[in-house]
Amino acid sequence: MTDGNPAESLESDESLSALLAVLIARAESVLNAHPRTRGLIASLPHADTSPLRIALLGPYSAGKSMLIAALLGLPPAAVDELVDAAPKTHEPTPYPWNGVTLVDLPGTLSGNDEHSGAARRGVRGADALMIVTTSELPGEAETTAILQALDTDGFADRSVVVVNKMNAENSDRDVILDEIRKRLGPFADRVPIVPTDARDYVEAVNNPDLTVAQCELLVAESGVDVLTAELQRIIAPGVSAIRPKAQAFELLRVLADAEQKWVLDGAELRAAETAKKVEESISQAKESVLSTLERESGVVASVIGAAGRKIADSVSEKDDVPADVARDLGSELAFAITEFEAKFSESMRTAFDALVAECGTGVPEPEAWVNDLDAPETTIDASPDSESRFERAVREGAEKAAKAGGRRIREWIEEVAASDSEQGSMASNVATRIIKSRVGQKLLDAGGTVTNGADKFRPWGRGKAAAKLANAAGKAQWVLTVIGPSLIDWKSVAQDQAERMKLDKRRKMIRRRSDEEALRQQTSLADAGERHLSKWIAEVEQSLSGLTKQGVEIIAERERASGAIKGLRDEAEKLVRIAPGS
């Protein structure tokens, strides 16, 4: 055995027994770990050298008791005592025979649940089976039970199918046997089918009025001698070869019972379902916000990338960025970040509303999100000592131009922030521009008091919008996080070479650096949004913990136990597959 797993192959029955003993010991430990499964420990197979047990399984009135009488060669009085009562057998009844134990089981399919339960217990304790049916052919329910015994219960190579009462009138032996084979399906070639008539056999050996020839004929046609030979063939390997295989399958059945013990119902099921529902609702809310965050931070990145391409296209031989380009760039980025914040905040609100609808009013509201990213230090990397006078002049010119561009954007923001709400002011003009967009309407008209819903201001609406925008512009330092350093970086790259013939190369470098800056800003926005979301999700989970605690504990217990049981079951299944003769 390696790492608790069955060996890849088994060379002897002793190896199977040793591996099985280890698995059973582990199963006992796993079942003992929880009160739900502790009672199943007694059902685990254990070391047993008693004679092999061959159980007779079949429906009521199939003639199982008469087969026992025939195999045992009972005298008339004993036969009458064995088969008289109806139903004849209430509990598994043992009969010694040829060094093994025949176990007569209660009839199945009689409508008596106690009898069916006793028969099932008898099968679970058997080493081999005599599956008894009749010439009347098994019905659908009986066929299903036969296939379960051969397949799921693992008796395919340790069974014989007995078709009893074959000498009844109107019985066509060939037709009946052909139909039995069809019903056995894939097991028809693995399981011997023996036609018998136990009553004829008992009559032949106990009726003094029959001649020797008549007795011999009845005995031969009864099939009991053929059945005896098949049973002896099955049990020939002995206890050490057959029982470990039987016990391995019984271990599988006990583990299946253990899994059923963890099927929840009642209050436990409701608690687990509540916990699962809350978990799924929180997960869906989180995924929804993350999806918005990824999408909208990507939009900001695309705006930055486009801005870089505009700057690259506007750079001339003099390495100057036109003032109108810098101004337009600032406006576009300010709008992009504003739209990002609006959509991110809207997704948080939508997630909150969905959680309240699913989990109740105990869900805490998310705090308003503020992008608190700090603008990095802006420097131009240069080595004055190694520069020529021309190169230094280019560098200083680029630095001056970059700072001027940065100042223009800063001045634009400050002008908006400082303006009043009168018509014609900077704030009023900007409000007029952005109110035409969907996001601008959400930002400036959340209460429906600014516009009439047709992209036009209500009376005094323009003033309210302008005042709100001016107030927001005062907090617009985040624009500089994107604009200021980006411009300086782009400008520093633009000054690397002064020769006109290198202009295309410089523009490519500017575009590359703009893409890098776009990725940096996208990552920064996404990270900040995720931190804000994670904080809120933690608050939600804490707030709802009283609602989910019991269910979470039950689910955790079940997953731990089920995982251990499944691991054992997988090993036991592997063991029965690789057992000798399987």
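Chemist: How would you explain the overall build of the chain if you had to name every residue and give the values?
Modeler: The secondary structure content of the chain amounts to 20 helices and six strands. Relative to its 582 residues, the chain shows a buried fraction of 45%. If you take every contact in the chain between residues at least 6 apart in sequence, the share linking residues at least 24 apart comes to 76%. In the structure as shown, the chain presents an accessible area of about 29,800 Å², 50% of it carried by carbon and sulfur atoms.

Chemist: Describe the environment of valine 79, listing the residues and the values that go with them.
Modeler: When you line up the elements, valine 79 lands in helix H4 (residues 76-83). Valine 79 sits in the buried class, given a relative accessible area of 4%. Through-space distance from the C-alpha of valine 79 to that of asparagine 206 is 9.8 Å; in sequence the pair is 127 residues apart. Those residues in contact with valine 79 that lie beyond four places of it in its chain are Met66, Ala69, Leu74, Val202 and Asn206.

Chemist: Any chance you could break down the side chain of threonine 292 for me, citing the residues and the numbers?
Modeler: Among the structural elements, threonine 292 can be located in helix H12 (residues 266-314). With near-sequence residues (within four places) excluded, threonine 292 lies in contact with Lys343, Phe344 and Ser347.

Chemist: An account of the packing of aromatic side chains is requested, with residue identities and associated values reported.
Modeler: Within this structure, the stated rule accounts for one aromatic pair. When the centroid spacing of 6.2 Å and the interplanar angle of 5° are considered together, the rings of phenylalanine 340 and phenylalanine 344 count as stacked. Highlighted residues: phenylalanine 340 and phenylalanine 344, both in helix H13 (residues 323-359), separated by four residues, approximately one helical turn. Across the pair, exposure class does not vary: phenylalanine 340 and phenylalanine 344 are buried alike. Lying over the aromatic face of tryptophan 262, arginine 36 brings its terminal NZ or CZ to 4.6 Å of the ring centre.

Chemist: Describe in detail the sheet that holds strand E2 (residues 93-97), supporting the description with residues and values.
Modeler: Sheet architecture is open: six strands sit in the order E2-E3-E1-E4-E5-E6, paired in mixed fashion. Each edge of the open sheet is held by one strand with a lone partner, namely E2 and strand E6 (193-195). Averaged over neighbouring strand pairs, the angle between their axes works out to 25° when direction is ignored. Here strand E4 (residues 128-134) runs beside strand E5 (residues 159-164); their pairing, made up of six bridges, is parallel. When the sheet's bridge partners are listed, threonine 133 is paired in E5 with valine 163. Contacts from helix H7 (residues 173-184) reach E4, E5 and E6 within the one sheet, and its direction differs from that of E6 by about 150°.

Chemist: Go over the environment of alanine 119 with me, naming the residues and quoting the values.
Modeler: Looking at the element boundaries, alanine 119 is found in helix H5 (residues 113-124). Residue classification places alanine 119 among the buried positions, given a relative accessible area of 1%. Put simply, alanine 119 and leucine 56 are 63 residues apart on the chain and 9.1 Å apart in space, counted from C-alpha to C-alpha. Not counting chain neighbours up to four residues away, the residues in contact with alanine 119 comprise Leu105, Pro106 and Thr108.

Chemist: Could you give me a rundown of a negative patch on the surface, with the residues and numbers involved?
Modeler: A surface patch of negative charge is lined by Glu279, Glu280, Glu541 and Glu559. Mapping glutamate 280 onto the fold places it in helix H12.

Chemist: How would you sum up the confidence of the model for the chain? Please name residues and give values.
Modeler: Summary statistics for the chain give a mean pLDDT of 79 and a share of 70% for residues scoring 70 or more. Low pLDDT, under 50, characterises residues 372-391; the stretch is placed with 24 contacts to residues that sit more than four places away or in other chains. Here residues 475-498 is modelled with pLDDT under 50, and outside its nearest four sequence neighbours on either side it reaches 77 contacts, counting other chains as well.

Chemist: Please provide a residue-by-residue account of the nonpolar core, values included.
Modeler: Membership of the largest hydrophobic core comes to 35 residues, with the highest contact counts inside it found for Met130 and Leu227. The element best represented in this core is helix H3 (residues 64-72), accounting for six residues. The next biggest cluster of nonpolar side chains, apart from the first, holds 34 residues, and it includes Val278, Leu329, Ile337 and Leu544.

Chemist: Before we move on, can you summarise the packing of helix H11 (residues 239-261) against helix H20 (residues 545-578) with the specific residues and values?
Modeler: It is the contact of H11 with H20, at a shortest axis distance of 9 Å, that shows an interaxial angle of 160°. Between H11 and H20, the interaxial angle falls into the category roughly antiparallel. Crossing of H11 against H20: the hand is left-handed. Contacts between H11 and H20 involve Ala248, Phe249, Leu251, Leu252, Leu255, Ala258 and Glu259 from the first element and Ile565, Lys566, Leu568, Arg569, Ala572, Glu573 and Val576 from the second. Looking at side-chain class alone, the contact of H11 with H20 contains ten nonpolar, no polar and four charged residues.

Chemist: Give me the lowdown on the pattern of salt bridges, citing residues and values where you can.
Modeler: Counted under the stated rule, the structure contains 25 salt bridges. If you follow the salt bridges from partner to partner, you end up with Arg120, Arg124, Asp153, Glu250, Arg253 and Asp257 in one network.

Chemist: Could you give an account of the pairing of E5, with specific residues and numbers?
Modeler: With six of its six residues buried, E5 lies for the most part within the structure. Covered by surrounding structure in E5 are Ser159, Val161 and Val163 together with Val160, Val162 and Asn164, the residues of both alternating faces. The parallel pair E4 and E5, bridged by helix H6 (residues 140-150), forms a crossover whose chirality is right-handed.

Chemist: Just give me the short version of unusual backbone geometry, but keep the residues and values in it.
Modeler: Excluding glycine, most residues fall at negative phi; most peptide bonds, likewise, are trans. Positive phi values are uncommon outside glycine, yet serine 61 reaches one of about 75°. By the secondary structure assignment, serine 61 is in the loop between strand E1 (53-57) and H3. A positive phi angle, near 65°, is found at lysine 165, a position not held by glycine. Mapped onto the fold, lysine 165 is located in the loop between E5 and H7. When its relative accessible area of 35% is taken as the criterion, lysine 165 is described as partly exposed.

Chemist: Describe the environment of glutamate 136, listing the residues and the values that go with them.
Modeler: Residue position: glutamate 136 is located in the loop between E4 and H6. Overall, glutamate 136 belongs to the exposed group, its relative accessible area being 70%.

Cut-offs applied
- Residues numbered from 1 in each chain as written.
- Predicted model: local features only at pLDDT ≥ 70, side-chain atom pairs only at ≥ 80, totals over all residues.
- Heavy atoms only, no water.
- Helix = DSSP H or I, 4+ residues; strand = E, 2+ residues; numbered from the N terminus.
- Buried < 20%, exposed > 50% of the residue type's maximum accessible area, 1.4 Å probe, protein only.
- Contact = heavy atoms within 4.5 Å.
- Areas by Shrake-Rupley, 256 points an atom, 1.4 Å probe, with all protein chains shown as cover.
- Phe/Tyr/Trp six-rings, centres within 6.5 Å; stacked < 30°, edge-to-face > 60°.
- Lys NZ or Arg CZ within 6 Å of the ring centre and 35° of its normal.
- Pairing = 2+ DSSP bridges.
- Axes fitted to C-alpha atoms, helices over the stretch in contact; angles between N-to-C directions.
- Patch = residues over 30% accessible without salt bridge, like charges linked within 9 Å, V, L, I, M, F, W, Y side chains within 5 Å.
- Salt bridge = Lys/Arg side-chain N within 4 Å of Asp/Glu carboxyl O.
- Lys, Arg positive; Asp, Glu negative; His and termini not counted.
- Charge placed at Lys NZ, Arg CZ, Asp CG, Glu CD.
- pLDDT = per-residue confidence, 0-100.
- Core = buried A, V, L, I, M, F, W, Y, C linked by side-chain atoms within 4.5 Å.
- Parallel < 35°, antiparallel > 145°, perpendicular 65-115°, else oblique.
- Left-handed = near helix turned anticlockwise from the far one by under 90°.
- Nonpolar A, V, L, I, M, F, W, Y, C, P; charged D, E, K, R; others polar.
- Right-handed = clockwise from strand over helix to strand, strands pointing away.

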